[in-house]
Amino acid sequence: MLLFSACSQEKDAFLNRTYHKLTARDNGWFNGNEKLKEIIAGIETAHVDNYDEVLPLFVYGTEEQAKNAIPELEKCIDKCSVVIDRHTMNIEGKEKNTWIDDAWFVIAKSQFYKRNYSEAERGFTYVSRRYKGENRQTESLVWLARTAIQLEQYGKAQSALDQVKDEKTLPKKFDHGELSAVQAELELKRGKVDDAIIHLEAAIPNAENKKDRVRWAFILAQLYQLKGLDDKAIKQFAAVGRMNPPYEMAFHTQIFQALAFNTGDSKEIRRKLNRMLRDDKHIDHFDMLHYAIADIDLKERKDSSAIDHLLTSAKVSTTDQKQKAKTFLRLADLYFDDRAYPDAQKYYDSTQTLMAETHPRLDEVKTRARVLGELVEQLAIIQLEDSLQRLAKLDPKDLEKKIRGMIRDREDEEAAKLLAEEEARAIAEANPDADKPPPTATAGVGRGTWYFYDPQQIGRGLTSFRKKWGNRKLEDDWRRKDKSGSALAANDPDLEGEGTDEVKDEKEKKESEWKDPAFYTKDIPKDDAALEASNARVCSAYYVSGMIYKEQLKDADNAIESFEVLNSRFEECRYTPESYYQLYRIYLEKEQTTNYFAPDGSGSKYYADIILERWPDSEFARLVRDPNILQADEARKAVEEAAYKEVYDRYRQYMYNSVITSCNGIIENEPRNHFLAKYHMLRAMAIGGLRDISGFRAALAEVQSKFPGTDEERAAAELLAALDRSSGGAPPPERKSVTAGEYKDEEGQHFFALIVPNEGSDMNAIKVSIATFNRDFYPATPVEITSSFLDPQHQVVLLSPFESKEKAMEYFALFNSGNEQLVGINDQGYPAFAIGAENYAQLFRSKDVEGYNAFFSEKYLDHQ
């Protein structure tokens, strides 16, 4: 009877309060809170810091981790929801059970780690207002600030933190370190690094646990380094090293101390780095150590030593692709600054294959790799033609002797290469465990316990594989050149070795080529016509390389050299007038911007006089006589660009006939239009939009023939290749445009719709899979699943109801997250979208799935 009477939530008696507090704390809240702690610990353990950037003060996990944690986080929410439902004692407007605010806090925190920030914000706000004076009020305000920071609502975050600071008395166990750290995070988001440093300096001594204290101390050192306070940074990194941090952080404290070094005696730092190079536990970070030594060398102007260490860094790299990209980029920049463009091109090209898509310099690196690739191509043409012309001048006996020497050199190279490969293979076979780390290495702490789950071991194995086999595509029979029928070949002795014979024949053919003297003489210019053609290629290469130096690399000195070599070598060639004009422009700009004066008289006037004397009626002479024509030309170009954009906007609105008419007018009447190539390409695309395949091909071919070497020519070639690949197939169906007003923006209740083809689809299995997915990942919201025929070929699976557009979009994101329970459903390209009631009725009437998909993409996904 006493127990039964204690169950009442409406009696403010000691027995009732004790019963509900005890059961709320030791049942639902305790289990939910422990589960939440376990989830957060898992997220933090799985987090991998990127030491190339300032570390985050708090680890919240990735979006993928949040999605995977949803089922477990829902359990935390369910347990605490039961606590609130069964043990709330709201008597006369006051909560008598002191554990209810804790339950609400766990729910809000679970929503935060689900990345459902709107619900988390509501939860923390509710706790901070409803349970004033309770132990979770101030903590909820701090977490409300954290949530607002994630939502980029910095004013709201500051307001919440100010509320905490304005409290006269704070709970005894209040975490003052966390408060300062959140304030520091807010200042960092606002870009106020100096203020963040002040708050972080206050947070570190007040941190409640060692893990946070070490992390915040490391970030403080990074911020010192970011602000150029190198001495403070070195001292702070040293202080972190004495805190016994995790291996990766401890290692980076040593590296960053070296990178922060700027002036003074580097002997001690070098001694420390070299000592670490002798310790095999750092084997996976030898590349970083060499990079740090190279950085010190550069600061001390020891460029040759720095390049040697950078080359060694790239050579000893094992698993760290980010570090290899940094090393390649540093080498590329050094060579670029020294104008060693061929070497720079190689390293920029290697860098772009390793660099992350989010790297701020990715576009710059790609541009430099492309531009320098074009330059190197021209320089290779000059080198090849010059060498062929030199061979052409030799008498037959000297030529034969020269070629025999070239063959011997090639044989020596091949023999040395083969010997190196055999030695490397012998070493690998003799010591198969050479690549494995020492079992007692500190570096291995925290790795997976099983070999095949260890990312360091996997990376090391991949590196060893590439050293032996190169970059091979991951596929069956990767060692075979001819993979057709490989399964039969494995079981049929008659077919065995068929692919290897072909490879062997091809290898022997290539080997016989370079051993044949005729291989070296076939391209030698043997008559006047061949020599003239060779000179024309050299002339063109000098001019193109000069223009690359001038326009794209802004290297006036090398541009001048290229144009002057062209002029001195050829009395008259295809690009002689242009070459003199470019020299005139370069010197004119130098004279106008730097007061340049040429003591030998080779200034702009010298080249202007030559142009006026030798080509008085040319366009170049006209530009020399009236330089203002160039300014007028730029103004005309701006007008033409605006006109082109207007026509292009019409193309994007599918007004193809109007676009074709406008393009034809420009092409016929304005042959000197700066955007002529673009008009030709736009006309071709508009013809393609009208599904005129033959006309599309003809227009693309015209672009190819009229504008060689341009971006438009390359795009036309790619489109023609795509048409060739798809020839014989039916043309794509014409896109049905959405008429204005057919669908409209809706708020309020929404559905989630999945359009499934009838043929080959098991509708019951699909509905069961979705129901199972909902049970595991969306248990808190009851979702009804129905299906009906949309048209004779398709059915619509409808999930309802969702209380708002936002909830439906949350489910849409979850549905498309690649969960294994939906394999065969969300990976088949079936149209899926959130849709309001009125739009669903319109869709059912019009059957226009493509039209609504376009509307959904524009209005819901912001053109994604």
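Residues numbered from 1 in each chain as written. Predicted model: local features only at pLDDT ≥ 70, side-chain atom pairs only at ≥ 80, totals over all residues. Heavy atoms only, no water.

1. Focus: the overall build of the chain
Keep this limit in mind: Each helix corresponds to a stretch of at least 4 residues labelled H or I by DSSP, and each strand to a stretch of at least 2 residues labelled E; elements are numbered beginning at the N terminus. Only heavy atoms matter for contacts: two residues are in contact if any of them lie within 4.5 Å across the pair. Method for areas: the Shrake-Rupley scheme with a 1.4 Å probe, in which residue coverage is limited to the protein chains shown.
Helix and strand counts for the chain come out as 37 helices and six strands. Taking all contacts inside the chain whose residues are at least 6 apart in sequence as the whole, residues at least 24 apart take part in 62%. Working note: accessible area of the chain is about 48800 Å², and carbon and sulfur atoms make up 51% of it.

2. Points about helix α33 (residues 711–725)
Structural remark: α-helix, 3.6 residues per turn; residues separated by three or four positions point the same way. This is how the line gets drawn: Here, expected helix span is obtained from the residue count minus one, scaled by 1.5 Å. Burial classes follow relative accessibility: with a 1.4 Å probe on protein chains only, a residue under 20% of its type's maximum area counts as buried, one over 50% as exposed, and anything between as partly exposed. Think of the arc as the fan of directions from the helix axis to the C-beta atoms.
Counted at 1.5 Å a residue, the expected span for α33 with its 15 residues is 21 Å, and the 21 Å between its end C-alpha atoms agrees. Restricting attention to buried positions, one finds in α33 the residues Glu712, Glu713, Ala716, Leu720 and Leu723. Buried residues of α33 fall within an arc of 95° about the axis and therefore sit on the same side. Exposed residues on α33 whose side chains face more than 90 degrees from its buried face are Asp711, Glu718 and Arg725. Buried residues along α33 sit in contact with α31 (676–689) and α32 (693–706).

3. Here we look at a negative patch on the surface
Note the cut-off: Two distance rules govern patches: like charges are joined within 9 Å, and nonpolar side chains (Val, Leu, Ile, Met, Phe, Trp, Tyr) within 5 Å, applied only to residues with over 30% relative accessible area and no salt bridge. The salt bridge criterion pairs a side-chain nitrogen of Lys or Arg with a carboxyl oxygen of Asp or Glu, the two atoms within 4 Å. Positive: Lys, Arg. Negative: Asp, Glu. His and the chain ends are not part of the count. For this purpose, a charge sits on NZ of Lys, CZ of Arg, CG of Asp or CD of Glu.
A cluster of like negative charges, contributed by Asp409, Glu411, Asp412 and Glu413, occupies part of the molecular surface. Structurally, aspartate 409 can be placed in helix α19 (residues 396–430).

4. Regarding the packing of aromatic side chains
Selection criterion: For Phe, Tyr and Trp, rings pair up if their centres lie within 6.5 Å, where Trp contributes its six-membered ring, and each pair is then called stacked (planes under 30 degrees apart), edge-to-face (over 60) or tilted (otherwise).
Applying the stated criterion across every chain, the model contains 57 aromatic pairs. Plain terms: the ring middles of tyrosine 60 and tyrosine 113 are 6.3 Å apart, the flat faces sit at 75° to each other, and that makes the pair edge-to-face. Here tyrosine 113 lies in helix α4 (residues 100–113) and tyrosine 60 lies in the loop between α2 (14–46) and α3 (63–87), a separation of 53 residues in the sequence. Overall, tyrosine 60 belongs to the buried group, its relative accessible area being 9%. What makes tyrosine 113 buried here is its relative accessible area of 4%. Consider the rings of phenylalanine 812 and phenylalanine 856, whose centres lie 5.2 Å apart with planes at 70°: the pair is edge-to-face.

5. Looking at helix α11 (residues 230–241)
An ideal rise of 1.5 Å per residue puts 16 Å on 12 residues; α11 measures up with 16 Å between its terminal C-alpha atoms. Every buried residue of α11 is listed here: Ala233, Gln236, Phe237, Ala239 and Val240. All buried residues of α11 lie within an arc of 155° about the axis, which places them on one face of the element. The exposed set on the far side of α11, more than 90 degrees from its buried face, consists of Asp231 and Lys235. Among the structural elements, α9 (193–206), α10 (210–226) and α12 (247–260) are those in contact with the buried residues of α11.

6. Focus: the state of the cysteines
In protein structure, a disulfide is the covalent linkage between the sulfur atoms of two cysteines. Convention followed: Cysteine sulfur pairs qualify as disulfides if the two atoms are within 2.5 Å.
One pass over the full model with this rule turns up one disulfide. In this model, cysteine 539 is linked to cysteine 573 through a disulfide, with the two sulfur atoms separated by 2.1 Å. The sign of the S-S torsion, about 55°, decides the handedness of the disulfide formed by cysteine 539 and cysteine 573: right-handed. Pair noted here: cysteine 539 is in helix α24 (residues 528–552) and cysteine 573 is in the loop between α25 (556–569) and α26 (576–594), with a separation of 34 residues, a long-range link.

7. Description of the sheet that holds strand β5 (residues 794–802)
Here is the rule we go by: Pairing between strands is defined by DSSP: at least two bridges between them are needed. A fitted line through C-alpha atoms serves as each axis, taken over the contacting stretch for helices, and the angle formed by two N-to-C directions is quoted from 0 to 180°.
With respect to topology, four strands assemble into an open sheet ordered β4-β5-β3-β6, the strand pairing being antiparallel. A single partner strand is all that each edge strand has here, and the edge strands are β4 (784–791) and β6 (832–836). Recorded for the sheet is a direction-independent mean angle of 30° between the axes of neighbouring strands. Summarising the sheet, strand β3 (residues 750–757) and β6 pair through five bridges and their orientation is antiparallel. Among the inter-strand pairings, alanine 753 is bridged to a residue of β6, identified as phenylalanine 833. Along the sheet, helix α34 (residues 763–777) makes contact with β3, β4 and β5, crossing β4 at roughly 145°.

8. As for the packing of α26 against helix α27 (residues 604–614)
The cut-off we apply is this: An angle below 35 degrees is treated as roughly parallel, one above 145 as roughly antiparallel, one from 65 to 115 as roughly perpendicular, and anything else as oblique. Handedness of each helix crossing follows the sense of rotation of the near helix against the far helix: counterclockwise by less than a right angle gives left-handed, clockwise gives right-handed. Residues are grouped as follows: nonpolar covers Ala, Val, Leu, Ile, Met, Phe, Trp, Tyr, Cys and Pro; charged covers Asp, Glu, Lys and Arg; every other residue, Gly included, is treated as polar.
Between α26 and α27, the shortest axis-to-axis distance is 8 Å and the interhelical angle comes to 150°. With respect to each other, α26 and α27 are oriented roughly antiparallel. Where α26 crosses over α27, the handedness of that crossing is left-handed. Contacts from Thr576, Tyr580, Tyr581, Leu583, Tyr584, Tyr587, Leu588 and Glu591 in α26 reach Ser604, Tyr607, Ala608, Ile610, Ile611 and Arg614 in α27. Considering only residue class, the contact of α26 with α27 consists of 10 nonpolar, two polar and two charged.

9. Re the nonpolar core
In plain terms, the rule: Take the buried Ala, Val, Leu, Ile, Met, Phe, Trp, Tyr and Cys residues and link them wherever side-chain atoms come within 4.5 Å; each set so joined is a nonpolar core.
Ranked by size, the top nonpolar core spans 145 residues in total, and within it Leu200, Trp216, Ile255, Leu273, Tyr348, Leu553 and Ile611 carry the most contacts. In contact with leucine 273, other than residues within four places in its own chain, are Gln254, Ile255, Ala258, Leu289, Ala292, Ile293 and Ile296. Of all hydrophobic cores here, the second largest spans 41 residues; its members include Tyr778, Leu843, Val849 and Tyr852.

10. Some points on unusual backbone geometry
A cis amide bond links serine 800 with the next residue in sequence, proline 801, at an omega value of -10°. A positive phi angle, close to 60°, is found at arginine 301, a residue other than glycine. Along the chain, arginine 301 falls in the loop between α14 (286–299) and α15 (303–316). Phi at lysine 847 takes a positive value of approximately 60°, unusual for a residue other than glycine.

11. Describing the environment of valine 54
On the secondary structure map, valine 54 appears in the loop between α2 and α3. Note: C-alpha distance between valine 54 and glutamine 225 (171 residues apart in sequence) is 9.9 Å. Apart from residues no more than four positions distant in its own chain, valine 54 is found in contact with Ile219, Gln222, Leu223 and Leu226.

12. Considering the pattern of salt bridges
Under the counting rule described, the total for this entry stands at 50 salt bridges. For the salt bridge of glutamate 72 with lysine 35, the shortest nitrogen-to-oxygen distance reads 3.0 Å. Residue glutamate 72 is located in helix α3, and its partner lysine 35 is located in helix α2; the two are separated by 37 residues in the primary sequence. Between aspartate 333 and arginine 361 there is a salt bridge, with its nearest N and O atoms 2.8 Å apart. A residue pair is termed long-range when its members are at least 10 positions apart, and aspartate 333 in helix α16 (residues 321–337) and arginine 361 in the loop between α17 (341–354) and α18 (362–392) qualify at 28 residues. For arginine 361, a relative accessible area of 22% corresponds to the partly exposed category. What emerges from the salt-bridge pattern is a single network uniting Arg270, Asp297, Glu300 and Lys302.

13. Here's the deal with the packing of α17 against α18
Two quantities define a packed helix pair, namely the angle between the axes and the distance from one axis to the other. As a packed pair, α17 and α18 sit with axes 8 Å apart at the nearest point and diverge in direction by 140°. Here α18 runs oblique to α17, going by the angle between their axes. The crossing of α17 and α18 is left-handed. Residues Tyr341, Pro342, Ala344, Gln345, Tyr348, Asp349, Thr351 and Gln352 of α17 lie in contact with α18, whose contacting residues are Val365, Lys366, Arg368, Ala369, Leu372, Gly373, Leu375, Val376 and Leu379. Partitioning the contact of α17 with α18 into residue classes produces 10 nonpolar, four polar and three charged.

14. Digging into the confidence of the model for the chain
Reading predicted coordinates in detail is not appropriate for stretches of low pLDDT. So the rule is basically this: pLDDT measures how confident the predictor is about each residue, on a scale from 0 to 100.
Across the chain, pLDDT averages 82, with 85% of residues at or above 70. Ranking the elements of the chain by mean pLDDT puts helix α21 (residues 486–491) last with 38 and α25 first with 93. Scored below 50 in pLDDT, residues 434–449 makes 17 contacts in the model with residues more than four places away or belonging to other chains. With pLDDT under 50 throughout, residues 729–741 is counted as low confidence; its partners more than four residues away or in other chains account for 14 contacts.

15. Remarks on the pairing of β6
Across the five residues of β6, five count as buried, placing the element largely inside the fold. Across the two faces of β6 the burial is the same, with Ala832, Ala834 and Gly836 and Phe833 and Ile835 all buried.

16. Observations regarding the environment of asparagine 31
You can see asparagine 31 is positioned in helix α2. Exposure remark for asparagine 31: the relative accessible area of 37% places this residue in the partly exposed category. Distance from asparagine 31 to lysine 75, taken between C-alpha atoms, is 9.5 Å for residues 44 residues apart in sequence.

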